[in-house]
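Topology and contacts: notes
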Amino acid sequence: ITVILAAVIGTFVLGLGDDLQDTQPTASFDFEFDSSNGVTITHSGGDTIDGTTDTVTVNATGGGGATLDQPWSASLSAGTSEDFTTDGQDWNEETVSVNWQASGGGSSATLGSSTAPDNS
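Here is a short report on the structure shown in this document. (Residues numbered from 1 in each chain as written. Predicted model: local features only at pLDDT ≥ 70, side-chain atom pairs only at ≥ 80, totals over all residues. Heavy atoms only, no water.)

**What to know about a nonpolar patch on the surface**
Let me state the cut-off plainly: Two distance rules govern patches: like charges are joined within 9 Å, and nonpolar side chains (Val, Leu, Ile, Met, Phe, Trp, Tyr) within 5 Å, applied only to residues with over 30% relative accessible area and no salt bridge. To be clear on the numbers: accessible area is Shrake-Rupley with a 1.4 Å probe, and residue cover counts the displayed protein chains and nothing else. Salt bridges are counted wherever a side-chain nitrogen of Lys or Arg sits within 4 Å of a carboxyl oxygen of Asp or Glu. Starting at the N terminus, helices and strands are each numbered in turn, a helix being any DSSP run of H or I of at least four residues and a strand any DSSP run of E of at least two.
Judged by side-chain polarity, Ile-1, Leu-5 and Ile-9 come together as a nonpolar surface patch covering roughly 370 Å² of accessible area. Among the structural elements, Leu-5 can be located in helix 1 (residues 2–13).

What follows is the structure, encoded as structure tokens:
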């Protein structure tokens, strides 16, 4: 018992306990691209993500140059969706991803991604 207690206390004293609390949420997302350079992303299931404490952003990278780097404006729960628009460039196989970062900044993860259609 003493060894177990010492290990638990040591973990928190060394700061490792903070990383244990920043576990990434599990969520799935649906991506619906449209011809007006937009994408509707829907949280289709999984954990609710508190957008007031954690940071969730949507990015588009690669492909033909359409860029997207916007925050998700609210908390995410199953069924919620939000529309995002590129910088005016047409979709051309960019990777659009939903990224999460814990409030303390210690943990981050890509929660979902999809490849945009080729509209070039």
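Anyway, onward from the coordinates.
**Structural notes on the side chain of Glu-94**
Heads up, the condition is: Any N or O atom pair separated by 3.5 Å or less is treated as a polar contact, with the protein-specific requirement of one donor-capable and one acceptor-capable atom, and with residues adjacent in sequence counted only for side-chain atom pairs. Residue contacts are counted whenever heavy atoms from the two residues lie within 4.5 Å of one another.
Structurally, Glu-94 is set in the loop between strand 5 (81–85) and strand 6 (95–101). Here the side chain of Glu-94 touches Asn-92 through a polar contact of 2.6 Å, landing on its backbone nitrogen. Filtering out sequence-adjacent residues up to four positions away, Glu-94 remains in contact with Ala-60, Thr-61, Gly-62, Gly-63, Gly-64, Gly-65, Ala-66, Ser-114, Thr-115 and Ala-116.

**Thoughts on the sheet that holds strand 4 (residues 68–71)**
Sheet strands pair by backbone hydrogen bonding; their relative direction is either parallel or antiparallel. Note the following rule: Each pair of strands is called paired provided DSSP finds at least two bridges between the two strands. Here, axes are lines fitted to C-alpha atoms. For helices the fit covers the stretch in contact, and angles between N-to-C directions go from 0 to 180 degrees.
Here four strands make up an open sheet; going across it, the order is 4-3-6-7 and the pairing antiparallel. With one partner strand each, in any of the chains shown, strand 4 and strand 7 (108–115) form the two edges of the open sheet. The average angle at which neighbouring strand axes cross in this sheet is 15°, direction not considered.

**Quick word on the sheet that holds strand 1 (residues 27–34)**
An order of 1-2-5 is seen for the three strands of this open sheet, with the pairing classed as antiparallel. Of all strands in the sheet, those bounded by a partner on one side alone are strand 1 and strand 5. Adjacent strand axes in the sheet meet at a mean angle of 25° when their direction is disregarded. Pairing of strand 2 (residues 38–46) with strand 5, which is carried by five bridges, proceeds in the antiparallel orientation. Across the sheet, the residue bridging to Ile-41 is Glu-82, located in strand 5.

**Concerning unusual backbone geometry**
Here is the rule we go by: Partly exposed describes any residue whose relative accessible area lies between the buried limit of under 20% and the exposed limit of over 50%, with all areas from a 1.4 Å probe on protein chains only and scaled to the type maximum.
Despite not being glycine, Glu-93 has its phi angle at roughly 65°, a positive value. Tracing the backbone through its elements, the reader meets Glu-93 in the loop between strand 5 and strand 6. On the basis of relative accessible area, Glu-93 is assigned to the partly exposed category, the value being 46%.

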